[in-house]
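Notes for the structure review
For reference, the chains in residue letters:
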Amino acid sequence: MLSVDEAIGRLLKGCDRRVGTEQIELMSGLGRILAEDMIAPIDVPPAANSAMDGYAFRFDDWRDESQVIALSQRITAGSVPSHLAEGTAARIFTGAEVPEGADTVVMQEHCEAVDDGVRIQKRPSRGANVRPRGQDISAGQKILSAGHRLRPQDLGLLASQGISVINVFRRLRVAVLSTGDELVDPGTPIQPGQIYNSNRYTMNCQLTAWGFEVVDMGVIRDDPALIRNGFSQAAEQADVILSSGGVSVGEEDHVKDVVESLGSIDLWRIAIKPGKPFAFGQVGGTPFLGLPGNPVSVFVTLLIVGRPYLFCCQGQADRRLPVQLGHARFDQQGSTRECYLRVRSTGDGLQLFDSQSSGVLFSTSWGDGLVRQKVGQDIAQGDLVEFIPYAAL
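Let us look at the structure shown here. Quick caveat: nothing in here was measured; it's all calculated off a predicted structure. (Residues numbered from 1 in each chain as written. Predicted model: local features only at pLDDT ≥ 70, side-chain atom pairs only at ≥ 80, totals over all residues. Heavy atoms only, no water.)

**Topic: the packing of aromatic side chains**
To describe a pair of aromatic rings, one takes the distance between the centres and the angle between the planes. Overall, the coordinates contain 10 aromatic pairs when judged by the stated rule. With centroids separated by 5.5 Å and ring planes inclined at 75 degrees, the aromatic side chains of phenylalanine 231 and phenylalanine 288 adopt a geometry described as edge-to-face. Linking phenylalanine 231 in helix 4 (residues 224–237) with phenylalanine 288 in strand 21 (residues 286–291), this pair joins segments that are 57 residues apart in sequence. On the basis of relative accessibility, which here comes to 0%, the residue phenylalanine 231 falls in the buried class. According to the relative accessible area criterion, phenylalanine 288 is buried, its value standing at 0%. One aromatic cluster is present, formed by Trp268, Phe278, Phe280 and Tyr309 through successive ring pairs. One cation-aromatic arrangement involves arginine 10 over tryptophan 268; the distance from NZ or CZ to the ring centre is 5.9 Å. When the ring centre of phenylalanine 311 is taken as origin, the NZ or CZ atom of arginine 149, which lies over that ring, is 5.0 Å away. (Phe/Tyr/Trp six-rings, centres within 6.5 Å; stacked < 30°, edge-to-face > 60°. Helix = DSSP H or I, 4+ residues; strand = E, 2+ residues; numbered from the N terminus. Buried < 20%, exposed > 50% of the residue type's maximum accessible area, 1.4 Å probe, protein only. Lys NZ or Arg CZ within 6 Å of the ring centre and 35° of its normal.)

**Some points on the side chain of threonine 179**
Mapped onto the fold, threonine 179 is located in strand 13 (residues 173–179). One polar contact links the side chain of threonine 179 to the main-chain carbonyl oxygen of serine 244, over a distance of 3.3 Å. Side-chain polar atoms of threonine 179 contact the backbone oxygen of glycine 245, separated by 3.2 Å. Once you skip the residues sitting within four places of it in the chain, threonine 179 turns out to touch Ile220, Asp222, Ser244, Gly245, Gly246 and Val255. (Polar contact = N/O pair within 3.5 Å; in protein donor to acceptor, adjacent residues only side chain to side chain. Contact = heavy atoms within 4.5 Å.)

What follows is the structure in C-alpha cells.
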C-alpha cells in the first residue's frame, strides 16, 4: 500500500494549474486565489501621524514641568497641518498628521491646559506616540504573494493601498458524480435495498466551502453506458472530475473499465483508515479522482488526499495540512494504516467517538476534527497528538 504522503506526492507531482485568470472587484475577493504578487503602491501611513490624543511638540523645546508652551494650531484627523512654529505645540488627535517641525506627541493625560498653552507634566521619550511614515507598509513592498487565498484581513490590507480591482484565478470547476443503483436523493420515498445519497451532499458542499464551482452530475446507475455518458459529459464541462463509489474490482464496479476506455486510470491502495481504495486518472485529458463509497471514507479522503490536489489545480500555493496539537483523552491501539480518528475537543482534551467505522457518518458531525494516528502509533490517555480541526480545513 502507498503511504498517505506517497499518495499525495504522486498526485502533486503530476498536478498543474487548471484555471485561467480574471479580474474582479475587491469586495468580491473573499476566498479567491491571487494570480499575481501584490506590490504596495504607497506608504502606509502616508505621513507621520499621532497614536494618541495629546500635544505635538519639538522634544528639545521642553525645559521642565513649569514651562507653558503656547499652542499654535489644532490638528484633527483628515486635516492638513502647518509647519510647527518654533517653541510652540499643536493640539493633536489620534490619527492626525504630525506637523513638520514636531517630533514627539505627549498624551493629554500627562498635560495641563493653560489658557492658550499647555504645561507638560510628564515628559515622554523622544519620538513617543508618533507613527512614522511607512511604519505599516513601504511603497514597493510585496504585501501578498500569488497563490494566496484571500481572507477578510487581506482585503482590508489591499483596500488600505487604494486597490479596487484584483487579478485572481478563475474558480476551479469540479464535476461531482455518485455511482450506485442503491442511491436515492433525499425527498424521494426510499424502497427496500436503497439508501439515501449522503456522499453527493458531503462532496458538493465541501467543494463549495473551498471556493470551487461545482458541476453536479447527480447519481449514475451501475450501467456502463450510463457511466460512460456521464463521465464524458463531466470531462467536457469541468476542470476536474470527482466521484464516489464504483472504483473497486467487483462485478458491478464499472467505473474502472469505463474511465480506462476514455483515458487512463490507476487504482491505488492507500494505507489510510478509513478510505483505502482510491483511483486517479484522466478522462479525455480531464483529471479524475475516484473516492471510496463509504460515507466517512469519502469525507476523510476528500479532506486529506483530495484537498491538496484540488488546491494545486486551483493555483493555491499553501496546501499544507493545518495540524495542531492536543491531548488525547482516550486509548487507541496503532494500526498498519494511518488512521484519521473522529474526535471532539473538550475543555480537558480530545474525546474519541465510540465507533470509528467508515459507515458511521454521525461521527463526523458529532466531532469537530480529526486526530492523525500514524502507522503503528499507540495512543494513551494524556498523549500529545496531532489534531486537525474541521474549521481550519
